[in-house]
Amino acid sequence: MSETIIFGADWCGDCRRAKLIFERAGAPYRYVDLVQDPAAVDVARDISGRTNIPVIVYPDRSHQVEPSNADMLRKISELGLGATQAEGAARLDPPHDSAETAP
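Cut-offs applied
Residues numbered from 1 in each chain as written. Predicted model: local features only at pLDDT ≥ 70, side-chain atom pairs only at ≥ 80, totals over all residues. Heavy atoms only, no water. Helix = DSSP H or I, 4+ residues; strand = E, 2+ residues; numbered from the N terminus. Buried < 20%, exposed > 50% of the residue type's maximum accessible area, 1.4 Å probe, protein only. Contact = heavy atoms within 4.5 Å. Pairing = 2+ DSSP bridges. Axes fitted to C-alpha atoms, helices over the stretch in contact; angles between N-to-C directions. Phe/Tyr/Trp six-rings, centres within 6.5 Å; stacked < 30°, edge-to-face > 60°. Lys NZ or Arg CZ within 6 Å of the ring centre and 35° of its normal. Salt bridge = Lys/Arg side-chain N within 4 Å of Asp/Glu carboxyl O. Parallel < 35°, antiparallel > 145°, perpendicular 65-115°, else oblique. Left-handed = near helix turned anticlockwise from the far one by under 90°.

## Concerning the overall build of the chain
Per the secondary structure count, the chain includes five helices and four strands. Element order for the chain, N to C, with α for helix and β for strand: β-α-β-α-β-β-α-α-α. In the chain, which comprises 103 residues, the share counted as buried stands at 33%. By sequence separation, contacts in the chain at least 24 residues apart represent 56% of the contacts at least 6 residues apart.

Here's what the structure looks like:
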């Protein structure tokens, strides 16, 4: 496998969060919507042994189920999937409102 696959559903907050982490880190992924592709539910369950989502399968064949932001970012970094660290950090930092920093 040469790609990261996120199995999830749009109604799932953790799934939306996982996609956001990957997007902000500049890490490509393929999203499999389990509502649109019900047969993929069995695939995700076979991979993880659980019914929880998201299930994220990485190119090294490892997987995570309902991972924390830190766990996803650590794996993205470990596999070199995202943008450079400086670019990734800039994407993850929220924009600062100049009015907040004014005296």
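On we go.
## As for the sheet that holds strand β4 (residues 63-65)
Here we have four strands laid out as an open sheet, ordered β2-β1-β3-β4, and mixed in their pairing. Where the open sheet ends on each side, the last strands, each with one partner, are β2 (30-33) and β4. The sheet shows a mean angle of 15° between the axes of neighbouring strands, direction not considered.

## A word on the packing of aromatic side chains
Aromatic rings considered in pairs are described by the distance between their centres and by the relative angle of their planes. Applying the stated criterion across every chain yields a total of two aromatic pairs. Judged by centre distance (5.9 Å) and plane angle (70°), the ring pair of F22 and Y29 falls under edge-to-face. A network of ring pairs unites the aromatic residues F22, Y29 and Y58 as a single cluster. If you follow K19 out to its NZ or CZ, it ends over the ring of Y31, 4.0 Å from the centre. Positioned above the aromatic ring of Y58, the side-chain terminus of K75 is 5.9 Å from the ring centre.

## Quick look at the pattern of salt bridges
As enumerated under the stated definition, the model contains eight salt bridges in all. Between R45 and D42 there is a salt bridge, with its nearest N and O atoms 2.3 Å apart. With R45 and D42 both in helix α2 (residues 39-48), this residue pair falls three residues apart, about one helical turn. Taking the relative accessible area as the measure of exposure, R45 reaches 35% and is therefore partly exposed. Of the residues examined, D42 reaches a relative accessible area of 40% and is grouped as partly exposed. Measuring nitrogen to oxygen at the nearest pair gives 3.2 Å for the salt bridge that ties K75 to E78. Of this pair, K75 and E78 are both found in helix α3 (residues 69-79), three residues apart, which corresponds to roughly one turn of the helix.

## Things to note about the environment of G82
Take G82: it is sitting in the loop between α3 and α4 (85-92). On the accessibility criterion, G82 (26% relative accessible area) is partly exposed. In this structure the C-alpha to C-alpha distance between G82 and R24, which are 58 residues apart in sequence, comes to 8.8 Å. Apart from the residues lying within four places of it in its own chain, the contact partners of G82 are A25, G26, A27 and I76.

## As for the packing of helix α1 (residues 13-25) against α3
Closest axis-to-axis distance for the α1/α3 pair is 10 Å, and the angle between their directions is 40°. Relative to α3, the element α1 lies oblique. α3 is crossed by α1, and the crossing has right-handed handedness. Residues R17, A18, I21, F22 and A25 of α1 form the contact with α3, whose participating residues are N69, M72, L73 and I76.

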